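Structural overview
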2 protein chains.
Amino acid sequence: MRRIEAIDFFYLAMPEILDISDGSQDALLVRIVAGDQVGWGECEASPLVTIASLVCPMSHHVCKPVSASVLGERIERVEDILRIHNQVRVNSMDLLQTDHTLSGIDVALWDLLGKAHHVPVYNLLGYCQVYPKTPYASYLFGGTPQETLEKAQKASSEGFRAVKFGWGPFGRESVEADNDQVVAAREGLGKDGILLVDAGTIWGENVSAAEKRLKILEECEVTWLEEPFHTGALKAYNDLARISGKVKLAGGEGAHNEYIAQQMIDYAGIEYIQIDTGRIGGITASKRVTDYAVKKEVNFVNHTFTSHLALSASLQAYAGLRDHVLCEYPGQLQQLADDLTFEHFEMDANGQIQLPEKPGLGFSPNIAALRKYLVEARIEVNGKTLYQTPVF
Amino acid sequence: MRRIEAIDFFYLAMPEILDISDGSQDALLVRIVAGDQVGWGECEASPLVTIASLVCPMSHHVCKPVSASVLGERIERVEDILRIHNQVRVNSMDLLQTDHTLSGIDVALWDLLGKAHHVPVYNLLGYCQVYPKTPYASYLFGGTPQETLEKAQKASSEGFRAVKFGWGPFGRESVEADNDQVVAAREGLGKDGILLVDAGTIWGENVSAAEKRLKILEECEVTWLEEPFHTGALKAYNDLARISGKVKLAGGEGAHNEYIAQQMIDYAGIEYIQIDTGRIGGITASKRVTDYAVKKEVNFVNHTFTSHLALSASLQAYAGLRDHVLCEYPGQLQQLADDLTFEHFEMDANGQIQLPEKPGLGFSPNIAALRKYLVEARIEVNGKTLYQTPVF
């Protein structure tokens, strides 16, 4: 019987972390070993905190370290992943970081099981066929409209049929300044491209601030306005959705379990639910949201701003859905994220990408290239070492 | 001008942590120093992970360590707390543990500001008068109905007018076994006492499992059934609320921001919203939920299972509301939680407790008694010590 023998967390970082909205500056790579199989995954954000949640001392019955529910467990079939996933949620209920930690572990377990069964993960999820996705290049707004225009032109010239701009100065200055940015993005992209705008929760729950940007978004034929508000501000979302006309709302990257995503679908009036596999609880939780989105006729889209390993993980949950076509494709990765895998997604002549027909996730870490990013970390409690950077 | 000079996290633990549903086995005590003032607070659950989130290296623009938004900040007025609170949420958005960490810091800031202004925290929150609360003794169900009966008798003989039983075997075995437990609780408490039952999310989102227990709960005049489901399972809550008759639903301790609590109020059909100040984001977030609960005619109740410092913090948000009378009062604290403060709440002859008219929270740590519980922890990243246990 195959059992989980080791969970190793590798904290990787660029030599210098800048105070910019770029989530590819560090990474937490997860390796799970069970018998003759190895699986790889990635957790979203703050590697040190996630490491602490893997190894922390127990606080009480439902506040155990995540490792306690994973190490030694049987991993032969899909049901084993579901059992481990549920155990982690129950046994680490009172630990907020749990869902990040579980995410990378869950992804690594699906990768491992796919390899053990010699099939892609999407087959294990019940999809017989995989459909191409249309990636949108995900960019930060430029410091000036001209910069934004140039980024859009670049994306278009690289073959992207869709571009998303977000964060940066958007929403922080005047309505006019935002208008100029959106107009520049449309101009750079050309009239046929799919243009998306991400407000990065800048308006909290202030509906009227968001409303003031609707006119220009509609004029520039923006397909969706993403995250005008905090993930939990369902009423603000819903109020805006009633008046947003052709501009649809998108959100959900902040969801760290499937319930939060379902609530956005049920009560926020969004038409695109965006799920980060590295945060929501891995592929298991992503697939539950996919199924719910299909039932409720909402579009599923991945949220990914890190490596192509994370991108592969995030596409699995909706790989077999022909009508859910858009996918986020990080356009400006740091070298670390690029070096993270041997394989990379390549766009075809139609500006589309497709998951490979390879066992597991089909992407594997380039360990030799990653050594130089490895961060040495050490956690000691009462003289006992609970964590030290493992050997690759 | 008074600025925050130090944030110290003290990890305290009983010599042995048992695998039981008792959250008072460890504690994270927060000390904030600003000028000549000191404030104290407490964070819920998993001290090591929360420490990591205070000191972790920045991952990107909105994934900074919590300390980055607090240290050096001005702290003179209530508006300063609100500003710091918001900064933490924005700057550490992508770090799930943030709300736990913020909770203890927020509580300590209110304590500090109350002391600086020589007024209780509830005055700073706008309450001129404070009303007594009726504490319910919060117990785990006994291993047998007889044990439960004896616990209820003990609570009653100690003057408690209300008792809550939860966790333990409840919901894990047959309906008959659960019936016997509830009958025993009612018998031990006597017919006039307020009896509450806590299912500890045992049924996930399985409404029919919960429904099978409604009959006995109604027969035994149970005032509320708490947490039948996961915090996010709003639809399951709402479906059960429609058929639960005289037994009202309670929930919300899992809420780690005010939005989650608002959603339970809006969509779950609960009549009691239970807020843990050590998890939801401190007194600032608790007060927002209180205001919303009043508006929506839902009862506010604290959730507290640790020290009397935490209990004082948790009562502040609804101290001035005459009609919201119940409060959770941990009935079986570990010695650590008892030793944590010099002062303790005492029930009066009416079985009620009241916040003291003292500056800040009115409760202060018994440092000499706490030294023996101090856990030595150390976190190093790339050879640099990010955390080591501070000196009391």
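Residues numbered from 1 in each chain as written. Chains lettered and ligands numbered in written order. Predicted model: local features only at pLDDT ≥ 70, side-chain atom pairs only at ≥ 80, totals over all residues.

**Details of the domain arrangement of chain A**
A common way to express how large an interface is: the accessible area buried when the components associate. Residues and elements named next belong to chain A. Domain boundaries assigned for chain A yield domain 1 (4–119 + 367–388) and domain 2 (124–339). Using only C-alpha atoms to locate each centre, domain 1 and domain 2 end up separated by 27 Å. Between domain 1 and domain 2, the contact holds 32 residues from the first and 26 residues from the second. Among the secondary structure elements, those contributing two or more residues to the side of domain 1 that touches domain 2 are strand E3 (37–43), helix H2 (78–91), helix H3 (98–117) and helix H15 (367–370). Here the side of domain 1 that touches domain 2 takes 11 residues from H3, the largest share from any one element. Classifying every residue of the side of domain 1 that touches domain 2 by side-chain character gives 16 nonpolar, 11 polar and 5 charged. (Domains from an automatic or database assignment. Contact = placed C-beta atoms within 7 Å. Helix = DSSP H or I, 4+ residues; strand = E, 2+ residues; numbered from the N terminus. Nonpolar A, V, L, I, M, F, W, Y, C, P; charged D, E, K, R; others polar.)

**Side note on the environment of Ser67 of chain B**
Residues and elements named next belong to chain B. Among the structural elements, Ser67 can be located in the loop between helix H1 (47–55) and helix H2 (78–91). Since 20 C-beta atoms lie within 10 Å of it, Ser67 is described here as buried. For the pair Ser67 and Thr101, spaced 34 residues apart in sequence, the C-alpha separation works out to 9.4 Å. The contact partners of Ser67, leaving out residues within four places of it in the chain, are Ile7, Leu54 and Val55. (Buried ≥ 20, exposed ≤ 12 C-beta atoms within 10 Å, placed from the backbone.)

**Side note on the packing of helix H3 (residues 98–117) of chain B against helix H12 (residues 282–295) of chain B**
Two packed helices can be described by the angle between their axes and the distance between those axes. Residue and element names in this part refer to chain B. Axis separation between H3 and H12 bottoms out at 5 Å; the angle between their running directions is 90 degrees. The angle between H3 and H12 falls in the class roughly perpendicular. Across the interface between the two elements, Leu102, Ser103, Asp106, Val107 and Trp110 from H3 touch Gly282, Ile283 and Thr284 from H12. Looking at the contact of H3 with H12 residue by residue, the class counts come to 4 nonpolar, 3 polar and 1 charged. (Axes fitted to C-alpha atoms, helices over the stretch in contact; angles between N-to-C directions. Parallel < 35°, antiparallel > 145°, perpendicular 65-115°, else oblique.)

**A few points about helix H6 (residues 175–189) of chain A**
Residues and elements named next belong to chain A. The terminal C-alpha atoms of H6, which comprises 15 residues, lie 21 Å apart, in line with the 21 Å expected from a rise of 1.5 Å per residue. Along H6, the positions that sit buried rather than exposed are Asp178, Gln181, Val182, Ala184, Ala185, Arg186, Gly188 and Leu189. Residues of H6 that are buried in the fold lie against helix H5 (145–157), strand E5 (162–166), strand E6 (194–198), helix H8 (214–219) and strand E7 (222–226). Among the residues trailing H6, Gly190 stands out with phi positive, at a value near 90 degrees. (Expected span 1.5 Å × (residues − 1).)

**Structural notes on unusual backbone geometry**
Residue and element names in this part refer to chain B. Notably, Glu221 is not glycine yet its phi reads approximately 50 degrees, a positive angle. The residue Glu221 is located in the loop between helix H8 (214–219) and strand E7 (222–226) in this model. Positive phi is not limited to glycine here, since Glu227 has a value of about 45 degrees. Within the secondary structure layout, Glu227 lies in the loop between E7 and helix H9 (234–243).

**Re the interface of chain B and chain A**
Chain B puts 48 residues into the contact, and the matching count from chain A is 48 residues. At the level of secondary structure, the elements contributing two or more residues to the side of chain B that touches chain A comprise H1, H3, helix H10 (258–267) and strand E12 (377–381) of chain B. With 5 residues, the single largest contributor to the side of chain B that touches chain A is E12 of chain B. As paired elements, strand E12 (residues 377–381) of chain A and E12 of chain B share 5 bridges and run antiparallel to each other. If you follow Val381 of chain A over to E12 of chain B, its bridge partner there is Ala377 of chain B. (Pairing = 2+ DSSP bridges.)

**Quick notes on the relation of the copies chain B and chain A**
Put simply, the second copy of the chain is the first one after a rotation about an axis and a shift along it. The transform that puts chain B on chain A rotates by 180 degrees and translates by 0.0 Å along the axis, for an RMSD of 0.0 Å. Taken together, the rotation and translation relating the two chain copies correspond to the operation of a two-fold axis. Looking at chain B, 100% of its interface residues are interface residues in chain A too, so the copies touch through the same face. (Least-squares fit on C-alpha atoms with pLDDT ≥ 70 in both.)

**Quick word on the sheet that holds strand E8 (residues 248–251) of chain A**
Residue and element names in this part refer to chain A. Taken in spatial order, the 8 strands of this open sheet run E10-E9-E8-E7-E6-E5-E4-E11, and their pairing is parallel. The open sheet has two edge strands with one neighbour each: strand E10 (299–302) and strand E11 (326–330). Looking at each pair of strands side by side, their axes are set apart by 30 degrees on average, direction ignored. The pairing of strand E4 (residues 134–140) with E5 spans 5 bridges and is parallel. Residue Tyr136 lies in a different strand from E5, and its bridge partner there is Ala162. Packing of H6 onto the sheet brings it into contact with E5, E6 and E7, and relative to E6 it is tilted by some 150 degrees.

**Focus on the sheet that holds strand E13 (residues 384–388) of chain B**
Each strand in a sheet pairs with its neighbour through backbone hydrogen bonds, running either in the same direction (parallel) or in the opposite one (antiparallel). Taken together, 4 strands build an open sheet; the order of strands is E13(A)-E12(A)-E12(B)-E13(B) and the sheet is antiparallel. Both edges of this open sheet fall to strand E13 (384–388) of chain A together with E13 of chain B, since each of them pairs with a single strand only. Going across the sheet, the axis of each strand differs from the next one's by a mean of 20 degrees, ignoring polarity. Contacts from helix H1 (residues 47–55) of chain A reach E12 and E13 of chain A together with E12 of chain B, with the element oriented near 40 degrees to E12 of chain A.

**Digging into the nonpolar core**
Val163 and Ile273 of chain A together with Val163 and Ile273 of chain B are the most contacted members of the largest nonpolar core, which has 257 residues in total. Not counting residues within four places of it along the chain, the set of residues in contact with Ile273 of chain A comprises Gly252, Ala261, Met264, Ile265, Val289, Ala293, Val298 and Phe300 of chain A. (Core = buried A, V, L, I, M, F, W, Y, C linked by C-beta atoms within 7 Å.)

**Quick notes on the pairing of strand E11 (residues 326–330) of chain B**
Residues and elements named next belong to chain B. Most of E11 sits inside the fold, with 5 of its 5 residues counted as buried. Of the two faces of E11, the one carrying Leu326, Glu328 and Pro330 and the one carrying Cys327 and Tyr329 are both buried. Note that strand E4 (residues 134–140) and E11 share 5 bridges and pair parallel. From the neighbouring strand, Tyr136 faces E11, where its bridge partner is Glu328.

**What about the packing of H2 of chain A against H3 of chain A?**
Residues and elements named next belong to chain A. Where H2 meets H3, the closest approach of the two axes is 10 Å, and the angle between their N-to-C directions is 170 degrees. Viewed along their axes, H2 and H3 adopt a mutual orientation that is roughly antiparallel. For the pair formed by H2 and H3, the contact residues are Val78, Ile81, Ile84, His85 and Val88 on the first element and Thr98, Leu102, Asp106, Leu109, Trp110 and Leu113 on the second. Grouping the constituent residues of the contact of H2 with H3 by class yields 8 nonpolar, 2 polar and 1 charged.

**Overview of the pairing of strand E2 (residues 26–34) of chain A**
Residues and elements named next belong to chain A. Burial runs high along E2: 8 of the 9 residues are buried. Sheet topology note: the strand E1 (residues 4–13)/E2 ladder contains 9 bridges and is antiparallel. Counted as the bridge partner of Phe10 is Leu29 from E2. As paired elements, E2 and E3 share 7 bridges and run antiparallel to each other. Bridge pairing in E3 places Ile32 opposite Gly39. Between E2 and E3, which follow one another and run antiparallel, lie 2 residues, and Gly35 among them has a positive phi close to 60 degrees.

**Here we look at the environment of Asp180 of chain B**
Structurally, Asp180 of chain B is set in helix H6 (residues 175–189). Between the C-alpha atom of Asp180 of chain B and that of Thr144 of chain B, which follows or precedes it by 36 residues, the distance is 8.9 Å.

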